[in-house]
Amino acid sequence: WAADGCGYARIPGGDFVSALNYEDVRGAQYIAPFEMMRAPVSNAEFAAFVRKHPAWQRDAVAPVFADAGYLGHWPAPARSASGPQAAQPVTRVSWFAATAFCEAQNARLPRWIEWEYVAAADLLRRDTRSDPAWRERILAWYSRPSSKMLPPAGAGDANAFGLRDLHGLVWEWTEDYSALLV
């Protein structure tokens, strides 16, 4: 992301059928145009946020807003490691911290349906969910535990919407994640 907005991609609206079966929604839903960060938030970007907003530092955050592992991989409460870790996507944050980060950028977390809409794309096509090879690649990632060092945020190829690393690095941040829990 960047203050001038060049870190955001403008996502065109369109009709989309979710993979989830909602009781109150049948068929295609219209997704209004929105903007989304082109790459996941890095440790360095999140560290800059917690330095500006000390209430979100590891040693200051209220326990109701983050668990004991919050930013536990950082060497200090307001400093991520330097070198490769600084460029990696930030992990071990809470939904509350992610929401506060977005609000500090005059932004918001995407809704699940918006994330699903852009995550259905591959390099050239906006909706590849009917492609068995694409689906197998995505499901293989979700079924495998991660034990290796993460590459830098945004290092992957951009999809048809200009977004990077929606799959394969970290779980998504969405505004309405709890609405998906049974």
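All figures in this text were calculated on a predicted structure; none of them were measured in a lab.

Enquirer: Sorry, what's going on with the side chain of Asn 43 here?
Expert: Mapped onto the secondary structure, Asn 43 falls in helix 1 (residues 43-52). For Asn 43, the side chain forms a polar contact with the side chain of His 73, separated by 3.2 Å. Those residues within four positions of Asn 43 in sequence are excluded, and the remaining contacts are His 73, Trp 74, Ser 80, Gln 85, Ala 86, Gln 88, Pro 89, Val 90 and Thr 91.

Enquirer: When you look at the nonpolar core in this model, what are you seeing that I'm missing?
Expert: In summary, soluble globular proteins display a tendency toward joint burial of nonpolar side chains. Ranked by size, the top nonpolar core spans 21 residues in total, and within it Phe 46, Val 50, Trp 56 and Tyr 70 carry the most contacts. Listed by contribution, the elements that provide at least two residues to this core are helix 1 and helix 3 (95-104). With five residues, the single largest contributor to this core is helix 3. Within the second largest apolar cluster, 17 residues are counted, among which are Ile 11, Phe 16, Phe 161 and Leu 163.

Enquirer: Would you explain the environment of His 53 in this entry?
Expert: Structurally, His 53 is set in the loop between helix 1 and helix 2 (84-87). When the C-alpha atoms of His 53 and Ala 104 are compared, they prove to be 8.9 Å apart, with 51 residues separating the residues in sequence.

Enquirer: Would you mind going over the confidence of the model for the protein with me for this structure?
Expert: Reading predicted coordinates in detail is not appropriate for stretches of low pLDDT. Confidence in the prediction for the protein averages 86 pLDDT; 87% of positions are at 70 or higher. Mean pLDDT across the elements of the protein ranges from a minimum in helix 5 (residues 132-143), with 83, to a maximum in strand 1 (residues 8-11), with 96.

Enquirer: Which parts of the structure should I look at to understand helix 3?
Expert: In an α-helix, one turn spans 3.6 residues, which is why side chains three or four residues apart end up on the same side. All of the buried residues in helix 3 are Ala 97, Ala 98, Thr 99, Ala 100, Phe 101 and Cys 102. Close packing links the buried residues of helix 3 with strand 4 (34-37) and helix 1.

Enquirer: Looking at this structure, how should I read a nonpolar patch on the surface?
Expert: There is a patch of nonpolar side chains on the surface, built from Val 64, Phe 65 and Phe 96 and spanning about 270 Å² of accessible area. Here Val 64 is to be found in the loop between helix 1 and helix 2. Overall, the relative accessible area of 62% leaves Val 64 in the exposed class.

Conventions and cut-offs
Residues numbered from 1 in each chain as written. Predicted model: local features only at pLDDT ≥ 70, side-chain atom pairs only at ≥ 80, totals over all residues. Heavy atoms only, no water. Helix = DSSP H or I, 4+ residues; strand = E, 2+ residues; numbered from the N terminus. Polar contact = N/O pair within 3.5 Å; in protein donor to acceptor, adjacent residues only side chain to side chain. Contact = heavy atoms within 4.5 Å. Core = buried A, V, L, I, M, F, W, Y, C linked by side-chain atoms within 4.5 Å. Buried < 20%, exposed > 50% of the residue type's maximum accessible area, 1.4 Å probe, protein only. pLDDT = per-residue confidence, 0-100. Patch = residues over 30% accessible without salt bridge, like charges linked within 9 Å, V, L, I, M, F, W, Y side chains within 5 Å. Areas by Shrake-Rupley, 256 points an atom, 1.4 Å probe, with all protein chains shown as cover. Salt bridge = Lys/Arg side-chain N within 4 Å of Asp/Glu carboxyl O.

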